[in-house]
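The lines below spell out each chain.
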Amino acid sequence: MGDKWKHTALLVVDMQKDFIDGPVLGKAGKAIVPNVIEAVQIARQRGILVVWVVREHDPLGRDVELFRRHFYSAGKEGLAVKGQIGAELVDGLVIEEGDYKLVKTRFSAFFATHLDSYLKTNGVDSLVVIGVQTPNCIRQTVFDGVALDYKSITVIVDATAAATADVHAANIFDMKNVGVATPTLQEWV
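Residues numbered from 1 in each chain as written. Predicted model: local features only at pLDDT ≥ 70, side-chain atom pairs only at ≥ 80, totals over all residues. Heavy atoms only, no water.

(A) Geometry of the nonpolar core. Counting 30 residues, the largest nonpolar core has Leu10, Val12, Met15, Ile130 and Trp188 as the members making the most contacts within it. At the level of secondary structure, the elements contributing two or more residues to this core comprise strand E1 (8-13), helix H2 (17-20), helix H3 (27-46), strand E2 (49-55), strand E4 (126-132), strand E5 (152-161) and helix H7 (185-188). Considering each element in turn, this core owes the most residues, seven residues, to H3. In contact with Val12, other than residues within four places in its own chain, are Val36, Val40, Val50, Val51, Trp52, Val53 and Ile130. The next biggest cluster of nonpolar side chains, apart from the first, holds 27 residues, and it includes Leu49, Cys137, Val142 and Val157. (Core = buried A, V, L, I, M, F, W, Y, C linked by side-chain atoms within 4.5 Å. Buried < 20%, exposed > 50% of the residue type's maximum accessible area, 1.4 Å probe, protein only. Helix = DSSP H or I, 4+ residues; strand = E, 2+ residues; numbered from the N terminus. Contact = heavy atoms within 4.5 Å.)

As structure tokens, this is what we get:
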């Protein structure tokens, strides 16, 4: 069983309190938490490398995209500030020994990080992606993975979410059109 999955990594993207419990996603983010928990459990049982991709920003917003910097101006607390409760994983998700945590400051988990090198050094050529948000961090990470020639990329459709079902569906459609597999969690199991 382990051999089938030894070249696969599960990327768990931005499952942090500010994104799930805050105003960004509303109910859609909270709705996928049970499936994300289950996907992580299944990945561990299969011997799949679990990579926790998180945002952790400077309190002054000096490392966020220009269009977001106003959220970090004087007197405001931006999203996913390093060391603050909002940057923590949502309840039920825990980084365990053997997992890997990657901090990013942009949509893609690959942009300006060492993720590609880390994965390839560990023999990973296939990705399974879960988390939030479908049109931003999920999509950018997936398209960069395609550009970096990962052999197989899977997005579990009911373990990812966007602010609306229509936005989620449109982005899943786009990813499917470039060869990304888009099963439900039960289909992946």
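(B) Examining the side chain of Asp14 more closely. Structurally, Asp14 is set in the loop between E1 and H2. Here Asp14 falls in the buried class, since its relative accessible area comes to 2%. Within polar-contact distance, the side chain of Asp14 engages the side chain of Lys104 at 3.1 Å. (Polar contact = N/O pair within 3.5 Å; in protein donor to acceptor, adjacent residues only side chain to side chain.)

(C) Seen up close, the packing of aromatic side chains. Taken as a whole and assessed by the stated rule, the structure comprises four aromatic pairs. Each ring, one from Phe110 and one from Tyr150, has its centre 5.7 Å from the other, and the planes form 35°; the classification is tilted. Taken as a pair, Phe110 in the loop between strand E3 (100-104) and helix H4 (115-121) and Tyr150 in the loop between helix H5 (134-147) and E5 lie far apart in primary sequence, 40 residues in all. Across the ring face of Trp188, the terminal group of Arg46 is positioned such that the distance to the ring centre comes to 4.5 Å. (Phe/Tyr/Trp six-rings, centres within 6.5 Å; stacked < 30°, edge-to-face > 60°. Lys NZ or Arg CZ within 6 Å of the ring centre and 35° of its normal.)

(D) Representation of the sheet that holds E2. If you trace the five strands from one edge of the open sheet to the other, you get E3-E2-E1-E4-E5, paired in parallel fashion. Edge strands, defined here as strands with exactly one partner in the open sheet, are E3 and E5. The mean inter-strand angle of the sheet, taken between neighbouring strand axes irrespective of direction, is 20°. Note: E2 against E3, five bridges, orientation parallel. Among the inter-strand pairings, Arg55 is bridged to a residue of E3, identified as Lys104. Sitting on the sheet, H3 touches E1, E2, E4 and E5, and the angle it makes with E5 is about 140°. Across the sheet, H5 lies against E1, E2, E3, E4 and E5, angled at about 170° from E5, the strand it touches most. (Pairing = 2+ DSSP bridges. Axes fitted to C-alpha atoms, helices over the stretch in contact; angles between N-to-C directions.)

(E) Seen up close, H3. In this model, H3 (20 residues) spans 30 Å end to end at C-alpha, consistent with the 28 Å of a helix rising 1.5 Å per residue. Among the residues of H3, Gly29, Ile32, Val33, Asn35, Val36, Ala39, Val40, Ile42, Ala43 and Arg46 are the ones counted as buried. Phi turns positive one or two residues past the end of H3, at Gly47, with a value near 80°. (Expected span 1.5 Å × (residues − 1).)

(F) Looking closely at the pattern of salt bridges. Under the definition given, this model contains 12 salt bridges. A salt bridge links Asp58 to Arg62; the shortest N-O distance between them is 2.7 Å. Residue Asp174 is joined to Arg139 by a salt bridge in which the shortest nitrogen-to-oxygen separation is 2.9 Å. Remark: Arg139 occurs in helix H5 and Asp174 occurs in helix H6 (residues 165-176); sequence separation between them is 35 residues. Taking relative accessible area as the criterion, Asp174 reaches 30% and is therefore assigned partly exposed. Several salt bridges share partner residues, and in doing so they unite Lys17, Glu88 and Asp91 into one network. (Salt bridge = Lys/Arg side-chain N within 4 Å of Asp/Glu carboxyl O.)

(G) Structural context of the environment of Arg106. If you trace the backbone, Arg106 turns up in the loop between E3 and H4. Of the residues examined, Arg106 reaches a relative accessible area of 24% and is grouped as partly exposed. Residues Arg106 and Leu49, 57 residues apart in the sequence, show an inter-C-alpha distance of 22 Å. When residues no more than four places from it in sequence are discounted, the contact partners of Arg106 are Arg55, Asp63, Val64, Glu65 and Phe111. Here the side chain of Arg106 touches Asp63 through a polar contact of 2.6 Å, landing on its backbone oxygen.

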